[in-house]
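Reading the structure
Below are the chains, spelled out letter by letter.
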Amino acid sequence: MTRCQIQEMKTCTISEFETFVKKSHATPSNIEKELKEKNNVIDNECITMIERAFWKTSLSHTSKPSVYGADISASCFEKDVEACGRGWNFSNLDSILSRGLSEDERKNLCGVASSYLYVGSWASMFAWHTEDYELNSVNYVHCGKPKVWYSVPPAYAKRFESVATSLFAAESKECSEFLRHKTCMISPTKIRSYGIPVCREVCYEGQLMITFPRAYVFECVRARVCSSAKRESVRA
């Protein structure tokens with residue numbers, strides 16, 4: 001377990017971000033070599049290897065900080081074009097919020113009533129958290145390498161919070177909502193040692209990931225990836 005710090009960098013374009021990442025935050029050479037040997041096919045064996053490397057480096061106090069182009073108020077979805085062939089266009093999802101709020105009200109809820117874009121690189125991540133306003137969230141990988149998600153079921157949310165409070169006592173004293181700061185990293189192995197189940201899922205290019213209210217999630221990126229996310233009360 002460790003606490004990470006979030007530092008805002010200067011604004012840049014996506015192409016500038018990609019150039020910066022290639023120079024200073026590239027995927028480790030041993031992983032790139034493994035991927036090349038597998039013709040860039042990321043199978044379960046490869047994912048497991050990458051996960052070990054991620055947790056080993058990310059929990060080290062001497063590791064290089066990762067970078068994440070996060071919460072970009074933009075969209076890769078064309079307004080009237082379906083995603084996944086199922087109508088999942090984040091620009092016009094049918095939900096309680098889209099029906100109950102005016103257009104002006106929705107504009108003030110970026111990332112909730114409208115989608116955010118995320119551009120990640122090796123070891124980019126969001127530490128353990130629940131979604132804004134305890135809503136559902138829907139996430140879509142536009143292109144790039146897979147994202148790995150870990151989640152704690154909603155039924156274990158209180159227990160997880162109790163464990164996190166004991167592990168990060170100083171942070172919990174400073175702020176009762178310290179987990180919303182997305183700075184607390186706890187490995188799945190550590191969480192499971194307290195009898196709390198941790199689910200794991202891999203989201204590939206062209207796939208959706210949906211999370212439910214009060215589910216604690218941890219998402220991490222294995223290499224360059226572009227994805228969208230939106231928090232909504234989505235109709236089933």
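The coordinates are above.
Conventions adopted
- Residues numbered from 1 in each chain as written.
- Predicted model: local features only at pLDDT ≥ 70, side-chain atom pairs only at ≥ 80, totals over all residues.
- Heavy atoms only, no water.
- Helix = DSSP H or I, 4+ residues; strand = E, 2+ residues; numbered from the N terminus.
- Buried < 20%, exposed > 50% of the residue type's maximum accessible area, 1.4 Å probe, protein only.
- Contact = heavy atoms within 4.5 Å.
- Areas by Shrake-Rupley, 256 points an atom, 1.4 Å probe, with all protein chains shown as cover.
- Pairing = 2+ DSSP bridges.
- Axes fitted to C-alpha atoms, helices over the stretch in contact; angles between N-to-C directions.
- Parallel < 35°, antiparallel > 145°, perpendicular 65-115°, else oblique.
- Nonpolar A, V, L, I, M, F, W, Y, C, P; charged D, E, K, R; others polar.

Looking at the overall build of the protein chain
- Within the protein chain, the secondary structure is distributed over 8 helices and 11 strands.
- Taking all 236 residues of the protein chain together, the buried fraction comes to 44%.
- Contacts in the protein chain between residues at least 24 apart in sequence constitute 85% of all its contacts with a sequence separation of at least 6.
- Of the accessible surface of the protein chain, which amounts to about 13,100 Å², a share of 50% is contributed by carbon and sulfur atoms.

Here's the deal with the sheet that holds strand β6 (residues 147-152)
- An order of β4-β10-β6-β8 is seen for the 4 strands of this open sheet, with the pairing classed as antiparallel. The open sheet has two free edges, formed respectively by β4 (125-129) and β8 (199-203), since each of these has just one partner strand. Averaged over neighbouring strand pairs, the angle between their axes works out to 15° when direction is ignored.
- When β6 meets strand β10 (residues 216-221), the two strands line up antiparallel, connected through 6 bridges. Looking at β10, one finds that S151 is bridged to V217.
- Packed on one face of the sheet, helix α3 (residues 44-58) meets β4, β6, β8 and β10 and runs near 70° to β6.

Quick word on the packing of helix α2 (residues 29-37) against α3
- Contact geometry for α2 and α3: axes closest at 11 Å, N-to-C directions at 175°. Comparing their axes, α3 and α2 come out roughly antiparallel. Seen from α2, the contacting residues are I31, E34 and L35; seen from α3, they are C46, M49, I50 and A53.
- Looking at the contact of α2 with α3, its residues break down into 6 nonpolar, no polar and 1 charged.

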